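For reference, the chains in residue letters:
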Amino acid sequence: MLESAFASTNPADRIIVALDCGREEAMELAEALRGKSKWVKVGMTLYYACGPSIVAAFKQRGFNVFLDLKLHDIPFQIEGAAYSAAMTGADMITMHTLGGAEMLKGAQRGVERAAQERGGEAAVTLGITVLTSMDQASLNQIGIDRAPAEQVKLLAGVAQDAGISGVVASPQEASMLRELLGPRAYIVTPGVRPAGADKGDQSRVATPAQAFENGASHIVIGRPITKAEDPAAAFDAIVSEL
Ligand code: C5P
């Protein structure tokens with residue numbers, strides 16, 4: 001296991017369940033997972049359908065909320081967006097590192113200002129480096145000649161220098177990033193599949209245990225839990241694998 005400041009925390013509390021569905025199904029899933037899962041992830045689909053009230057609904061039910069809106073705009077706008085996202089009660093938010101250091105610093109200022117007003121800790125700020133849907137050819141197309149892994153490294157360095165909390169990364173990149181960013185950085189990995197589970201549209205996958213061993217602080221799992229006949233039992237089975 002790579003050294004990480006999160007290693008002493010219960011791994012069950014570091015599983016984030018991605019609720020990529022409509023409001024009704026998301027609330028049913030939250031009911032089933034209440035008291036088991038500590039975190040849910042709200043992505044663009046659910047958020048743009050429901051608005052900030054969806055974050056409040058999960059917070060009222062005792063969940064931490066990862067609000068994955070992948071912000072990208074000028075620093076002034078992102079400072080405001082990060083402030084507004086944190087004011088909804090979101091505990092973790094995402095932004096594209098491609099927006100540059102000043103934009104990332106703006107996001108950090110936004111969540112810190114929200115924390116001062118609301119009390120409590122500032123929301124965790126996570127940078128998106130290279131989307132896992134992009135390969136060498138699609139990077140070349142937009143004028144980036146570096147290999148994807150090199151581009152991830154460069155952008156993770158920009159995120160760290162700007163003072164945000166960490167990055168979202170594939171489990172394959174996690175160990176390289178843990179070494180680069182040190183034990184305190186948040187490294188959140190999607191693309192996680194329990195042993196023997198259907199991969200769906202994810203290609204480069206790792207099991208939950210492998211992702212944590214590679215240095216992930218948190219893992220994101222969606223369909224293996226949300227599409228299971230019994231989501232609570234699927235969650236428990238993943239925890240027992242760890
Ligand atoms: O259902 P599944 O476990 O594949 O869900 C993974 C979640 O993580 C989805 O919400 C997806 O959008 C998100 N994600 C991803 N790969 C990335 C970034 C985010 O799968 N590179």
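In what follows, the accompanying structure is described. (Residues numbered from 1 in each chain as written. Predicted model: local features only at pLDDT ≥ 70, side-chain atom pairs only at ≥ 80, totals over all residues. Heavy atoms only, no water.)

1. Some points on the overall build of the protein
- Of regular secondary structure, the protein possesses eleven helices and eight strands.
- Against the compact-globule benchmark of 18 Å for 242 residues, the protein has a radius of gyration of 17 Å, which places it among compact chains.
- C-alpha atoms of the protein, sized along the principal axes, occupy 45 × 40 × 35 Å.
- Counting every position in the protein, which comprises 242 residues, the buried fraction comes to 50%.
- Here the analysis covers contacts within the protein between residues at least 6 apart in sequence; of these, 68% occur between residues at least 24 apart.
- Working note: accessible area of the protein is about 11,000 Å², and carbon and sulfur atoms make up 49% of it.
- Once the 22 positive and 28 negative side-chain charges of the protein are each reduced to a mean point, those two points are 3 Å apart. (Helix = DSSP H or I, 4+ residues; strand = E, 2+ residues; numbered from the N terminus. Rg over C-alpha atoms; globule rule 2.2 N^0.38 Å. Buried < 20%, exposed > 50% of the residue type's maximum accessible area, 1.4 Å probe, protein only. Contact = heavy atoms within 4.5 Å. Areas by Shrake-Rupley, 256 points an atom, 1.4 Å probe, with all protein chains shown as cover. Lys, Arg positive; Asp, Glu negative; His and termini not counted. Charge placed at Lys NZ, Arg CZ, Asp CG, Glu CD.)

2. Describing helix H1 (residues 23-33)
- Here H1 has its buried residues at Ala26, Met27, Leu29, Ala30 and Leu33. Each buried residue of H1 sits inside an arc of 160 degrees when the element is viewed along its axis, so together they form one side. Turned more than 90 degrees off the buried face of H1, the exposed positions are Glu24 and Glu28.
- Positioned one or two residues after H1, glycine 35 has a phi angle of 85 degrees, which is positive. (Arc of directions from axis to C-beta.)

3. A closer look at the environment of tyrosine 186
- You can see tyrosine 186 is positioned in strand E7 (residues 186-189).
- Remark: the alpha-carbon pair of tyrosine 186 and valine 124, spanning 62 residues in sequence, is separated by 8.2 Å.
- Not counting chain neighbours up to four residues away, the residues in contact with tyrosine 186 comprise Phe6, Met92, Val124, Leu126, Ser165, Gly166, Val167, Ser217 and His218.

4. Here's the deal with the site of the ligand
- Surveying the vicinity of the ligand reveals the residues Ala18, Asp20, Lys41, Thr132, Pro190, Arg193, Gln202, Val220, Ile221, Gly222, Arg223 and Pro224.
- In this structure, a nitrogen atom belonging to the ligand sits 2.7 Å away from a side-chain N or O atom of threonine 132.
- Taken by itself the ligand offers 460 Å² of open surface, and the protein chains cover 81% of this.
- One can see that the ligand is located within the largest pocket.
- Counting only elements with at least two residues in the shell around the ligand, the list comes to strand E8 (218-221) and helix H10 (223-226).
- Residue composition of the shell around the ligand, by class: five nonpolar, three polar and four charged. (Near = heavy atom within 4 Å. Polar contact = N/O pair within 3.5 Å; in protein donor to acceptor, adjacent residues only side chain to side chain. 1 Å grid on protein atoms, 1.4 Å probe; cavity = no way out; pocket = protein on both sides within 12 Å on 5 of 7 lines; lining within 4 Å. Sits in = over half its atoms within 2 Å of the grid points. Nonpolar A, V, L, I, M, F, W, Y, C, P; charged D, E, K, R; others polar.)

5. Looking at the layout of surface pockets
- Computed from the structure, the largest pocket encloses a volume of approximately 1,000 Å³.
- Among the elements of the structure, H1, strand E3 (64-71), helix H7 (148-162), helix H8 (171-181), E8 and H10 are those that each provide at least two residues to the lining of the largest pocket.
- Here the residues of the lining of the largest pocket are counted per class, giving 18 nonpolar, eleven polar and eleven charged.
- Approximately 520 Å³ is the volume found for the second largest pocket. (Points joined across faces, edges and corners; volume = space filled by probe spheres on them.)

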